[in-house]
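Single-letter residue listing:
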Amino acid sequence: MNEDRSAPPVAQAPSDVLGLDLAAFRAELRARGLRAQGLAAEVWVDALKRGAFEPERAGLVPRAAAAWREAFFLRLPVPRALVTEDGELGPTEKALLSLADGAEIEMVRIPMPPGPDGRERTTLCVSSQVGCRMGCAFCETGRGGLVRNLGAGEIVGQVLAARLVFGWNVRKLVFMGMGEPLDNFDALEAALRVLLDSRGPAFSQERITVCTSGLGDGIARLRALGLKRLGLSVSLNAPDDPTRTRLMRINREQPLDALVPALAAYPQRASFVLGVNYCLIPGLNDRPGDAARVAGIAARLGRALVNVIPYNPGRAPIGRAPSEAEVEAFVAALEAEGVPVRRRATKGRSIMAACGQLGSPSP
Ligand code: SF4
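Here the structure is a predicted model, which is why all the values come from computation and not from measurement.

**Student:** I would appreciate a short explanation of helix H6 (residues 216-224) in the present structure.
**Tutor:** Because the α-helix completes a turn every 3.6 residues, residues three or four places apart line up on one side. Every buried residue belonging to H6 is among Gly216, Gly218, Ile219 and Leu222, and all of these are buried. In a view along the axis of H6, the buried residues occupy a sector of 160°, so they form one face of it. Opposite the buried face of H6, at more than 90 degrees from it, the exposed residues are Asp217 and Ala224. Looking at the packing, one finds that the buried side of H6 touches helix H5 (185-196), strand E10 (208-212) and helix H9 (256-264).

**Student:** Would you mind showing me how to read the site of the ligand here?
**Tutor:** Taken together, 12 residues form the shell around the ligand, and within it Cys132, Met134, Cys136, Cys139 and Gly142 come nearest. Residues belonging to the shell around the ligand are distributed by class as follows: five nonpolar, six polar and one charged.

**Student:** Would you mind going over the nonpolar core with me for this structure?
**Tutor:** In a soluble, globular protein the nonpolar side chains are often hidden away together inside. Formed by 94 residues in total, the largest nonpolar core has its most connected members in Ala191 and Val306. When residues of this core are assigned to domains, at least three fall in each of domain 1 (15-73) and domain 2 (78-351). Those residues in contact with Val306, other than ones at most four positions away along the chain, are Val276, Tyr278, Val294, Ala298, Leu334, Val339, Pro340 and Val341.

**Student:** How should unusual backbone geometry be read in this particular structure?
**Tutor:** Excluding glycine, residues mostly have negative phi values, and the peptide bonds linking residues are mostly trans. Residue Ala36 is not a glycine yet carries a positive backbone phi of 65°. Of note, Ala36 is situated in the loop between helix H1 (22-31) and helix H2 (40-50). With 18 C-beta atoms packed within 10 Å, Ala36 lands in the partly exposed category.

**Student:** Is there a simple way to explain the pairing of strand E3 (residues 78-85) in this structure?
**Tutor:** For a regular strand, side-chain orientation follows a simple rule: the groups alternate between the two sheet faces. Sheet topology note: the E3/strand E4 (residues 92-98) ladder contains seven bridges and is antiparallel. Bridging across to E4, Val83 finds its partner in Lys94. Taking the residues between adjacent antiparallel strands as the criterion, E3 and E4 are bridged by six residues, where Gly90 takes a positive phi near 130°.

**Student:** Please clarify how the domain arrangement of the chain should be interpreted in this entry.
**Tutor:** How large an interface is tends to be reported as the accessible area lost when its parts come together. Examined at the domain level, the chain breaks down into domain 1 (15-73) and domain 2 (78-351). Here domain 1 and domain 2 have C-alpha centroids that lie 34 Å from each other. Across the contact, 11 residues belong to domain 1 and 14 residues belong to domain 2. It is H2 that provides the largest number of residues to the side of domain 1 that touches domain 2, a total of three residues. Taken together, the residues of the side of domain 1 that touches domain 2 sort by class into seven nonpolar, two polar and two charged.

**Student:** Honestly, the environment of Asp183 in this entry has me stumped. Any pointers?
**Tutor:** Secondary-structure assignment places Asp183 in the loop between strand E9 (170-175) and H5. Classification of Asp183 as partly exposed rests on a count of 19 C-beta atoms within 10 Å. Each C-alpha atom, one on Asp183 and one on Ser213, is 9.8 Å from the other, the two residues being 30 residues apart in sequence. The contacts of Asp183, once residues within four sequence positions are left out, are Gln129, Arg133 and Leu215.

Thresholds applied
- Residues numbered from 1 in each chain as written.
- Predicted model: local features only at pLDDT ≥ 70, side-chain atom pairs only at ≥ 80, totals over all residues.
- Buried ≥ 20, exposed ≤ 12 C-beta atoms within 10 Å, placed from the backbone.
- Helix = DSSP H or I, 4+ residues; strand = E, 2+ residues; numbered from the N terminus.
- Arc of directions from axis to C-beta.
- Contact = placed C-beta atoms within 7 Å.
- Near = placed C-beta within 6 Å.
- Nonpolar A, V, L, I, M, F, W, Y, C, P; charged D, E, K, R; others polar.
- Core = buried A, V, L, I, M, F, W, Y, C linked by C-beta atoms within 7 Å.
- Domains from an automatic or database assignment.
- Pairing = 2+ DSSP bridges.

Below, the structure is given as structure tokens:
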């Protein structure tokens, strides 16, 4: 008997346009054997500019456009709420966004000093995961664990929504929202490629900073991408393993002796300064000798700038917020050790948009 045992063709799931840079978009068109591939650039540029996938606008005939629409989708996250806190430079705003499956993420607009043209400028803090598996003790996001990774398109979608839906003039991007970006590496890499694409969002590498809780293997993978001008910052938060492990579970697997060499190996260049974030919790990581120990670590990192961030107690505080005098004393102690240091203003505390507070209910 002559039986045809070949399986029916498996329908390929549609791809998110926002997760593909132009080269990847072209490659997908080829792989799917779609017609009118010569219009790829026009369609992709238009989609990234307008946040809508409408191949007909580039002149595709209806039949070809319909085939492209079956193969691709573009969905911006839907704004659910926006809370605002006024500050000297302008409002800090936290946007709650919902994704196609109903998952919710947050992004934060942090005002920057205006540009030479007097226009407002924004640093956008984006999320990379729904929840987070790192479980840092001071962080609201980590409390519920990891729900799921974001796709590259869902990361890029935040930037487009910030520009197109909220009208924010996004100059800088920090991957410091919900989630550990290096724990979702493939999506991070694909999103970076889209964001850096000169025909699309066209960010320069210097305007993007990836912030990690300290995944040494992820830092090595990031280095291997060869994006030599990309910013990097790390949450140090304690200068010794016992204290750091208490604050950050990741330190059990990747203690300081693994983390520091991984950071020191990140490519140094004239304009590069590694951000070292230090969430100051009185009595916990500002003990006598802590500043000197931080200085010892900073000296092994090359050019580093320590950002002292006053702790923001959330729903389940592990300490209290430091007083102004305590912050000043720690900053002065670091300066006395010769460490470049900056005191980070706590923007957004009242709307739970400050570091470690995303993922918690807004008042
Ligand atoms: S601080 Fe960052 S890495 Fe740590 S639990 Fe929160 S989101 Fe995750």
